[in-house]
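Breakdown of the fold
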Amino acid sequence: MSGKEERSAKTIRVHIEKLSEEPYAAILCYPRASYLELRSRIAELREHGVNEVEFAGSTVISNVPVLGKGFVGVVIAAYLNGQKVALKIRRVDADRASLQQEAELLAKANAVQVGPRLIGVSRNFLLMQYIEGKALFEWLATHREKTLVSEVLTDILEQCWRLDRIGLDHGELSNAPKHLLIDTEAKPWIVDFETASLSRRPANVTSVCQFLFTSHSAVARAVAEVLGERNREAIIDALRLYKNERTRENFSRVIQACLA
Ligand SMILES: Nc1ncnc2c1ncn2[C@@H]1O[C@H](COP(=O)(O)OP(=O)(O)O)[C@@H](O)[C@H]1O
Ligand SMILES: [Mg+2]
């Protein structure tokens, strides 16, 4: 494992004015900070009502821990009127001019009770409910109880079904080790609607089932260890039926094949 994967124990709370200084500047304006961009981003944060942020988490950038890092953003925690929220910071080199579109898609997901609740958005920042938890794979390392795991996976499939119903394709659920978080109350959350779309044919249920049950991912192996080997053929057949006709009945067949 690279140094990036190392867990950093230290939690650092920083006032937003201090974000213009290194090493924080490199995170606010990842991967390269410039004076003007820093000033304008700090002002943008202030407009959201954020005056403090918190660095903690298992990903490390310039020796500073963050919740996560992807192609579009860096996610850290922030405080809004004393309430802890998750703050997605647009990377300076992101291939998106704004986080606005992601926020709209997250709001659509929220309408069917999926995804962290959207709190606010501007060009460079997206504020949402903070999910206190772990990635599914990490969570599975300490939760081996069959009934509980089965309930969590059923909930994930149900959330995917609701997204399929509204025609919202998440886009990154076929290899989702970082996009399924399980909170401290064992509730699963689908995160990152950055590559989501309303114009593709939704494939949330099929993608997530492949990832969880029929792929050779580490997560699928961990799931099989807890639940026992699945009947791959039965799952593939049920998914084929569901793909042709996305009815509740066919979805129940998928649940049955994956989790019975
Ligand atoms: N609301 C949240 N609460 C807690 N952690 C989050 C939240 N949203 C994202 N993360 C963490 O940050 C990582 C990166 O976020 P993500 O939205 O996937 O960014 P990107 O679009 O750049 O890939 C996620 O994989 C997850 O670990
Ligand atoms: Mg991501």
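For the structure itself, consult the block above.
Residues numbered from 1 in each chain as written. Chains lettered and ligands numbered in written order. Predicted model: local features only at pLDDT ≥ 70, side-chain atom pairs only at ≥ 80, totals over all residues. Heavy atoms only, no water.

**Remarks on the coordination of the magnesium ion (ligand 2)**
Looking at the magnesium ion (ligand 2), the protein donor atoms are His179 (NE2) and Asp192 (OD), and they sit 2.1 to 2.3 Å from it. Of this pair, histidine 179 sits in the loop between helix H5 (146–165) and strand S11 (180–183) while aspartate 192 sits in the loop between strand S12 (188–190) and helix H6 (204–214); the two residues are 13 residues apart in sequence, bridging distant segments of the chain. Judged by relative accessible area, which is 11%, histidine 179 ranks as buried. Here aspartate 192 falls in the buried class, since its relative accessible area comes to 16%. (Donors = N, O, S within 2.8 Å, 3.2 Å for Na, K, Ca; no water. Helix = DSSP H or I, 4+ residues; strand = E, 2+ residues; numbered from the N terminus. Buried < 20%, exposed > 50% of the residue type's maximum accessible area, 1.4 Å probe, protein only.)

**Things to note about the nonpolar core**
Counting 54 residues, the largest nonpolar core has Leu136, Leu153, Leu157, Leu180, Phe193, Leu212 and Phe213 as its most contacted members. The element best represented in this core is H5, accounting for eight residues. When residues of this core are assigned to domains, at least three map to each of domain 1 (11–129) and domain 2 (133–259). Ignoring anything within four residues of it in the chain, the contact list for leucine 180 reads Lys134, Ala135, Leu136, Ile156, Leu173, Trp189, Ile190, Val208, Phe211 and Leu212. In terms of nonpolar packing, the next biggest core, distinct from the first, is built from 27 residues, Tyr24, Val53, Ile89 and Phe125 among them. (Core = buried A, V, L, I, M, F, W, Y, C linked by side-chain atoms within 4.5 Å. Domains from an automatic or database assignment. Contact = heavy atoms within 4.5 Å.)

**Digging into the pairing of strand S8 (residues 118–121)**
Two faces, one strand: in a regular strand the side chains alternate between the faces of the sheet. With three bridges joining them, S8 and strand S9 (residues 125–129) adopt antiparallel strand pairing. Bridged to valine 121 within S9 is leucine 126. Hairpin remark: S8 followed by S9, antiparallel, with three residues in the connecting loop. (Pairing = 2+ DSSP bridges.)

**Some points on the site of ligand 1**
Inspection of the region around ligand 1 gives 20 residues, with Gly73, Lys88, Gln129, Lys178 and Asp192 positioned closest. Contact distances for ligand 1 include 2.6 Å between an oxygen atom and a side-chain N or O atom of lysine 88. Between a nitrogen atom of ligand 1 and a main-chain N or O atom of isoleucine 131, the distance comes to 3.0 Å. Summarising the interface, the protein chains cover 92% of the accessible area of ligand 1, which totals 550 Å² for the free molecule. Looking at the shell around ligand 1, the elements with two or more residues in it are strand S5 (68–69), strand S6 (73–80), strand S7 (83–90) and S9. Class assignment of the residues belonging to the shell around ligand 1 gives a composition of ten nonpolar, five polar and five charged. Lining the shell around ligand 1 are residues from two domains, each supplying at least three of them: domain 1 (11–129) and domain 2 (133–259). (Near = heavy atom within 4 Å. Polar contact = N/O pair within 3.5 Å; in protein donor to acceptor, adjacent residues only side chain to side chain. Areas by Shrake-Rupley, 256 points an atom, 1.4 Å probe, with all protein chains shown as cover. Nonpolar A, V, L, I, M, F, W, Y, C, P; charged D, E, K, R; others polar.)

**Let's talk about helix H9 (residues 248–259)**
Compared with the 16 Å implied by 1.5 Å per residue over twelve residues, the 16 Å span of H9 between its first and last C-alpha is a close match. Listing the buried residues of H9 in full gives Asn250, Phe251, Val254, Ile255, Ala257, Cys258 and Leu259. In an axial view of H9, the angular spread of the buried residues amounts to 165°, which keeps them on one side of the axis. Away from the buried face of H9 by more than 90 degrees, exposed residues Glu249 and Gln256 are located. (Expected span 1.5 Å × (residues − 1). Arc of directions from axis to C-beta.)

**Structural notes on the side chain of aspartate 183**
Looking at the element boundaries, aspartate 183 is found in strand S11. Here the side chain of aspartate 183 touches glutamate 185 through a polar contact of 2.7 Å, landing on its backbone nitrogen. A polar atom in the side chain of aspartate 183 sits 3.0 Å from the side chain of tryptophan 189.

**A short note on the packing of H5 against helix H7 (residues 218–227)**
Closest axis-to-axis distance for the H5/H7 pair is 9 Å, and the angle between their directions is 135°. The angle between H5 and H7 places the two elements in the oblique class. Of the two elements, H5 crosses H7, and the hand of that crossing is left-handed. Note on element contacts: H7 touches H5 through Val223, Val226 and Leu227, opposite Lys146, Val149, Ser150 and Leu153. Residues that form the contact of H5 with H7 fall into these classes: five nonpolar, one polar and one charged. (Axes fitted to C-alpha atoms, helices over the stretch in contact; angles between N-to-C directions. Parallel < 35°, antiparallel > 145°, perpendicular 65-115°, else oblique. Left-handed = near helix turned anticlockwise from the far one by under 90°.)

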